Amino acid sequence: MSDKENIAIDVRDAVKRYGDFTALKTISLSIMDNEFFTLLGPSGCGKTTLLRMIAGFEDVTEGAIFLYGDEIENLPPNKRPVNTVFQNYALFPHMTILDNVAFGLEMRGASKSDARTKAGEMLELVQLSQFAARKPSQLSGGQQQRVALARALAPQPKVLLLDEPLSALDLKLRKAMQLELKHLQRETGITFIFVTHDQEEALTMSDRIAVMSAGEMQQLGSPTDIYERPHNMFVADFIGETNLLEVSVDGIAEGRATCHLGGGHELTCNAVDGIGVGSKVHMSIRPERLYMSAEPMASEGLHGRVKDNIFVGTDITTIVQLDEGPDFVVRTSNSDRGNKRIFEPGTEMFVNMERGAARLLVD
Ligand SMILES: Nc1ncnc2c1ncn2[C@@H]1O[C@H](COP(=O)(O)OP(=O)(O)OP(=O)(O)O)[C@@H](O)[C@H]1O
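Reading guide: rules and limits
Residues numbered from 1 in each chain as written. Predicted model: local features only at pLDDT ≥ 70, side-chain atom pairs only at ≥ 80, totals over all residues. Helix = DSSP H or I, 4+ residues; strand = E, 2+ residues; numbered from the N terminus. Buried ≥ 20, exposed ≤ 12 C-beta atoms within 10 Å, placed from the backbone. Contact = placed C-beta atoms within 7 Å. UniProt positions renumbered as here; feature names shortened; annotations may be inferred. Near = placed C-beta within 6 Å. Nonpolar A, V, L, I, M, F, W, Y, C, P; charged D, E, K, R; others polar. Pairing = 2+ DSSP bridges. Axes fitted to C-alpha atoms, helices over the stretch in contact; angles between N-to-C directions. Domains from an automatic or database assignment. Core = buried A, V, L, I, M, F, W, Y, C linked by C-beta atoms within 7 Å. Parallel < 35°, antiparallel > 145°, perpendicular 65-115°, else oblique. Left-handed = near helix turned anticlockwise from the far one by under 90°. Expected span 1.5 Å × (residues − 1).

J.: Sorry if this is basic, but what is going on with the overall build of the chain here?
T.: Scanning the chain from terminus to terminus reveals eight helices and 20 strands. Dimensions of the chain, computed from the C-alpha atoms along their principal axes, are close to 75 × 45 × 40 Å. Taking all 363 residues of the chain together, 36% fall into the buried category. Residue pairs in contact within the chain that sit at least 24 positions apart in sequence constitute 64% of those at least 6 positions apart.

This is the structure we're talking about:
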């Protein structure tokens, strides 16, 4: 099958306006069949709007959305092979768990007995068979969310839309549900489109992530792409923690860029398309890709003084005041402490970057 045939959802130059306000500015992206795809961004960036356009709850102001090759603009929500799981579960309180799951199937024309058989299978899938006769109020929040999932999966939609479905759960349960959701997606082969503002959740579960801000897509890629190779300041800052240096690009040769800091210190890193000689840009370096030494490990080591060491269980976070540039955060994993040095506060030392760790950002 060609890539084109594998596309579940194709969003082409889609724009959404509410009166004078543009909630989505010309978004184009393709979501593949069987993919766990996440729309990630801060509150108000437009991710729910895009999800609602795919579901058919909002119309598309300009552009088009294709589902398995067919334009869906004129298809009402209940005719789309798509189902949605909402944050607030929306279970019927007076119905049993089994009836809650069977209800949607009956609405779609299944006989009562077929609907109940299928609902039973779905409860098995989410490991809630033993609670089939209970009412929603007799289940925990996590169990209720699994019922909502079973209900949405029961009609076997081609695409499942999940709008922040885990945000009402406490951290431990959320982490367990993240793994369960990923497992369910693999098991059913259904395309999942997941909306969240939680970057860690997105990194944990997704095959690919679209990072959005202010109605625009900032970057589309695998979790590793987005984390290791952020395209711009927004992505570098929003995903994980990073250190930023202002640099000027002096030369580019053989895929490497030579840059200098304001005070003249020279650094090299991989070149990036769109950043040429003479550019003044930011360089991003993740804290765990830095290490400290008494002497510079290469000419590029940045001289500074340790301000503080913070013990955070699995890691030690060191705050370093650089001679040139802002304070840096260096993260040393406890498991690395045999190889990597930690210096006492007040000690002068050098901060060195692992090769390939520094990334130039487009803006
Ligand atoms: N019906 C509407 N009329 C006018 N503006 C709207 C409407 N629905 C959404 N918006 C605006 O569109 C923007 C995007 O909203 P959307 O709900 O898609 O954001 P979001 O990224 O999902 O945020 P959150 O995480 O808070 O749900 C927001 O600024 C919101 O105020």
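More follows now that the structure is in view.
J.: Help me understand the UniProt feature "domain: ABC transporter" (unreviewed entry) in the chain in this model?
T.: UniProt records the feature "domain: ABC transporter" (unreviewed entry) at residues 9-239, using the numbering of this structure. The annotated region residues 9-239 carries 36% helix and 27% strand content, and the separation between its end C-alpha atoms amounts to 25 Å.

J.: Is there a simple way to explain the site of the ligand in this structure?
T.: Looking at the ligand, the residues that line it are Y18, F21, A23, G41, S43, G44, C45, G46, K47, T48, T49 and H197. For the shell around the ligand, the secondary-structure elements that each account for two or more residues are β2 (21-32) and α1 (47-55). No other element matches the three residues that α1 contributes to the shell around the ligand. Across the shell around the ligand, the residue classes tally to four nonpolar, seven polar and one charged.

J.: It is not clear to me how the sheet that holds strand β19 (residues 348-353) should be interpreted in this structure. Could you clarify?
T.: Paired through their backbone hydrogen bonds, the strands of a sheet run either parallel or antiparallel. In spatial order, the strands read β15-β19-β16-β17-β18; together these five strands make up an open sheet with antiparallel pairing. Because the sheet does not close on itself, it has two edges, and the strands there are β15 (290-293) and β18 (327-333). Averaged over all adjacent pairs, the angle separating strand axes in this sheet is 45°, with direction ignored. In the sheet, strand β16 (residues 302-311) pairs with strand β17 (residues 315-322) via seven bridges, with the strands oriented antiparallel. Within β17, the position partnered with V306 by the bridge is V320.

J.: Mind showing me how you'd approach the domain arrangement of the chain here?
T.: When the parts of a complex come together, some accessible area is lost, and that lost area is often taken as the interface size. Segmentation of the chain into domains returns domain 1 (7-233) and domain 2 (241-361). For domain 1 versus domain 2, the separation of C-alpha centres amounts to 39 Å. With four residues of domain 1 in contact, the opposing surface of domain 2 contributes four residues. Grouping the constituent residues of the side of domain 1 that touches domain 2 by class yields two nonpolar, one polar and one charged.

J.: Would you mind showing me how to read the pairing of strand β4 (residues 62-67) here?
T.: Along a regular strand, successive side chains alternate from one face of the sheet to the other. As paired elements, strand β1 (residues 7-18) and β4 share five bridges and run antiparallel to each other. Within β4, the position partnered with D10 by the bridge is F66. If you look at the hairpin formed by β4 and strand β5 (residues 70-71), you'll find two residues sitting between the two strands, and Y68 has a positive phi there, around 45°.

J.: Help me out: how do you make sense of the nonpolar core in this one?
T.: Taken as a class, soluble globular proteins show a tendency for nonpolar side chains to be buried jointly. One finds V101 and I193 to be the most contacted residues of the largest nonpolar core, which totals 90 residues. For this core, the element with the most residues is helix α4 (residues 141-153), which contributes six residues. Split by domain, this core shows at least three residues from each of two domains, domain 1 (7-233) and domain 2 (241-361). Setting aside its immediate chain neighbours within four residues, V101 contacts A119, M122, L123, V147, A150, R151 and A154.

J.: Sorry, what's going on with the packing of helix α2 (residues 97-107) against helix α3 (residues 112-125) here?
T.: Between two packed helices, what matters for the description is the angle formed by their axes and the separation of those axes. Where α2 meets α3, the closest approach of the two axes is 8 Å, and the angle between their N-to-C directions is 125°. Between α2 and α3, the crossing angle belongs to the class labelled oblique. For α2 against α3, the interelement crossing comes out right-handed. Between α2, through I97, L98, V101, A102, L105 and E106, and α3, the contact on the second element is made entirely by K112, A115, R116, K118, A119, G120, M122 and L123. Of the residues contributing to the contact of α2 with α3, the split by class is nine nonpolar, one polar and four charged.

J.: Hey, could you run me through the sheet that holds strand β9 (residues 208-213) in this one?
T.: Taking strand neighbours across the sheet as the criterion, the six strands line up as β6-β7-β8-β3-β9-β10 in an open arrangement whose pairing is mixed. Across the chains shown, the open sheet's two edge strands, defined by having one partner strand only, are β6 (82-85) and β10 (216-221). Recorded for the sheet is a direction-independent mean angle of 20° between the axes of neighbouring strands. Lying over the sheet, α4 contacts β6 and β7 (159-163), oriented at roughly 170° with respect to β6.

J.: Looking at this structure, how should I read the packing of α4 against helix α5 (residues 171-188)?
T.: Two numbers describe how α4 lies on α5: the axes approach to 11 Å, and their chain directions differ by 20°. In this view, α4 runs roughly parallel relative to α5, as classed from their interaxial angle. Remark: the crossing between α4 and α5 carries right-handed chirality. For the pair formed by α4 and α5, the contact residues are G142, Q145, L149 and L153 on the first element and L173, M177, L184 and T188 on the second. Of the residues contributing to the contact of α4 with α5, the split by class is five nonpolar, three polar and no charged.

J.: Which parts of the structure should I look at to understand the environment of I31?
T.: Assignment of secondary structure puts I31 in strand β2. Spatially, the C-alpha atoms of I31 and L267 are 38 Å apart, while their sequence positions differ by 236 residues. In this structure, I31 is in contact with A8, I9, F37, T191 and I193, ignoring residues within four places of it in sequence.

J.: I tried to follow α4 on my own but got confused; where do I start?
T.: Residues spaced three or four apart along an α-helix point in a common direction, a consequence of the helix completing one turn every 3.6 residues. Its 13 residues place the ends of α4 18 Å apart at the C-alpha level, agreeing with the 18 Å of an ideal helix rising 1.5 Å per residue. Taken across its 13 residues, α4 has 10 buried, putting it largely inside the fold. Of all the positions in α4, only Q144, Q145, R146, V147, A148, L149, A150, R151, A152 and L153 are classed as buried. At its buried positions, α4 is contacted by β6, α2, α3, β7 and α5.

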